[in-house]
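Structure assessment
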Amino acid sequence: MGSITESSKKHPIDEQLLIPPEFSKFGNEIPPSHTWSDLCMIDPTLSNRPFPSSIPVINLSDPHSPELIKRACEEWGVFQITNHGVPMQLIADMEAEARQLFSLPLEQKVRALRSLDGMTGYGQARMSPFHPKRFWFEGFATIGSPREYALRIWPSDSDRHARMKFCDVLEEYQETLKGLAERLLGLRFSSLGLSSKQMEWLAPKDGQKRCGPPQTVLQLNSYPVCPDPTHAMGMGPHTDSSILSIVRQANNVLGLQVQYNGQWVPVPPIDGAFVIHVGDLLRIFTNGWFKTLLHRAVVNNSSHRYSVAYFYGTPKDVTISTSEKLITHDHPRLYRPITWKEYLEMRGADLYGALETLRLDPLGSSSK
């Protein structure tokens, strides 16, 4: 069935859309390539407005957390967690490595430039071709160890310490968040009344056929200071393709927003907390009981914002299909089965229509 690393081969990105500019050279003006029209304007007063409800914040040490998570997934599709068990020093180290990477000169960062048909490395977001203007953004993604890229960025012996620290921190962070992701999935599954057998593809018991490790992606995001945030976009609206994503708003700078009931709602940074997004694959598995919300990143004119996102998906040989226990006469199967790689390929051709393409009509056939 193939790895997700092969999913971008069919839809390579244009080189001009791949390389981020040197934002500091723009001065007090936004170039036309990054200037979004009035129809796409960002309201700078949004964070000061009252909202009828707020994104749930869940303490994982609360004995009622499974039910609270279920309610948040059904109503919002996003929530924040505290008391999650991830060491604060590891979070601080991860944030420091992100800041160090993005503070490097552009000519040093592009040594790790992502290939035109690749998923990992340095560059602009792969969703860039689906938007009329470019993002005020630069990113770095890795699947597993980043050593290949670290050797390009810090090739000399004198850089050995920086190179090793970068790799060690990113590897430890990924391993730790893998454990957190599987803990969160366990809580979600138990809240739906699903047995441990429903999670065999995550953690098979001894003697059972193993599906292989889950596929995961770590994404470091940088949103530089912008002279006019009302006409620039950090990251365009999107849902996450994975099962779930775990996002750290690294330096407590406001910027993440989710679309809830037709409004863009800010996600306030909370010290030590993670933002959890339901991914499209989990929506498919739960037959639409769990929501996925569009979210975006906006920029500001005073603080450089960073975030770190961890995407947790299926093993490469696993097809996601809706749990039979979540299919009823009144709520029939909504989506056809698919692998993560296949779904990413569909999103590469149609970012906003891929999930709807998987939707089944009442007779059980594909809608398209």
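Our subject is the structure that appears above.
Description of the structure in this document. (Residues numbered from 1 in each chain as written. Predicted model: local features only at pLDDT ≥ 70, side-chain atom pairs only at ≥ 80, totals over all residues. Heavy atoms only, no water.)

Re the overall build of the protein chain
In terms of regular secondary structure, the protein chain is built from nine helices and 12 strands. For the protein chain, the proportion of contacts with a sequence separation of at least 24, taken over those separated by at least 6, is 77%. About 16,300 Å² of surface is accessible on the protein chain, with carbon and sulfur atoms providing 52% of the total. (Helix = DSSP H or I, 4+ residues; strand = E, 2+ residues; numbered from the N terminus. Contact = heavy atoms within 4.5 Å. Areas by Shrake-Rupley, 256 points an atom, 1.4 Å probe, with all protein chains shown as cover.)

Details of the sheet that holds strand β6 (residues 235-238)
The strand order β6-β11-β8-β9 describes an open sheet built from four strands, whose pairing is antiparallel. Both edges of this open sheet fall to β6 and β9 (263-266), since each of them pairs with a single strand only. Strand-to-strand twist across the sheet, computed as the mean angle between neighbouring axes with direction ignored, equals 25°. The sheet contact formed by strand β8 (residues 256-260) and β9 spans four bridges and is antiparallel. Paired with Val-258 across the two strands is Val-265, which belongs to β9. (Pairing = 2+ DSSP bridges. Axes fitted to C-alpha atoms, helices over the stretch in contact; angles between N-to-C directions.)

Overview of helix α2 (residues 65-75)
Turning to α2, its buried residues number three or more, namely Ser-65, Ile-69, Lys-70, Ala-72 and Cys-73. Viewed end-on, α2 has its buried residues packed into an arc of 165°, placing them on one side of the element. Here the buried face of α2 lies against β1 (57-59), β2 (78-82), α6 (160-191) and β10 (274-278). Looking at the residues trailing α2, positive phi occurs at Gly-77, about 80°. (Buried < 20%, exposed > 50% of the residue type's maximum accessible area, 1.4 Å probe, protein only. Arc of directions from axis to C-beta.)

Brief notes about the packing of α2 against α6
Relative to each other, α2 and α6 sit at 85°, their axes nearing to 8 Å. Relative to α6, α2 is oriented roughly perpendicular. Two secondary-structure elements touch here, α2 through Ser-65, Pro-66, Ile-69, Lys-70 and Cys-73 and α6 through Leu-184, Leu-187, Arg-188, Ser-190 and Ser-191. (Parallel < 35°, antiparallel > 145°, perpendicular 65-115°, else oblique.)

Some remarks on the pattern of salt bridges
As enumerated under the stated definition, the model contains 14 salt bridges in all. Between Lys-9 and Asp-117 there is a salt bridge; the shortest N-O distance is 3.9 Å. Of this pair, Lys-9 sits in the segment before α1 (15-18) while Asp-117 sits in the loop between α4 (106-109) and β3 (121-123), placing them 108 residues apart in sequence. Given a relative accessible area of 24%, Asp-117 falls into the partly exposed group. (Salt bridge = Lys/Arg side-chain N within 4 Å of Asp/Glu carboxyl O.)

Things to note about the pairing of β10
With five of five residues buried, β10 lies mostly within the body of the structure. Residues Phe-274, Ile-276 and Val-278 of β10 are buried on one face, and the alternating residues Val-275 and His-277, pointing to the opposite face, are buried as well. Of the strand pairs in this sheet, β2 and β10 are connected by four bridges, and their pairing is antiparallel. Residue Gln-80 lies in a different strand from β10, and its bridge partner there is Val-275. Pairing between strand β7 (residues 244-249) and β10: four bridges, direction antiparallel. From the neighbouring strand, Val-247 faces β10, where its bridge partner is Val-275.

Here we look at the side chain of Glu-97
Residue placement: Glu-97 occurs in helix α3 (residues 88-102). Only 3.3 Å separates the side chain of Glu-97 from the side chain of Gln-100, close enough to count as a polar contact. What Glu-97 contacts, discounting residues up to four positions off in sequence, is Lys-165, Phe-166, Val-169 and Leu-170. (Polar contact = N/O pair within 3.5 Å; in protein donor to acceptor, adjacent residues only side chain to side chain.)

With respect to the packing of α3 against α6
Interaxial distance between α3 and α6 falls to 10 Å at its minimum, and their mutual angle equals 130°. Considering the angle they form, α3 stands oblique to α6. For the crossing formed where α3 meets α6, the hand is left-handed. When α3 is examined against α6, the residues Leu-90, Ile-91, Asp-93, Met-94, Glu-97, Gln-100 and Leu-101 are found in contact with a partner set consisting of Ala-162, Lys-165, Phe-166, Val-169, Leu-170, Glu-172, Tyr-173 and Thr-176. (Left-handed = near helix turned anticlockwise from the far one by under 90°.)

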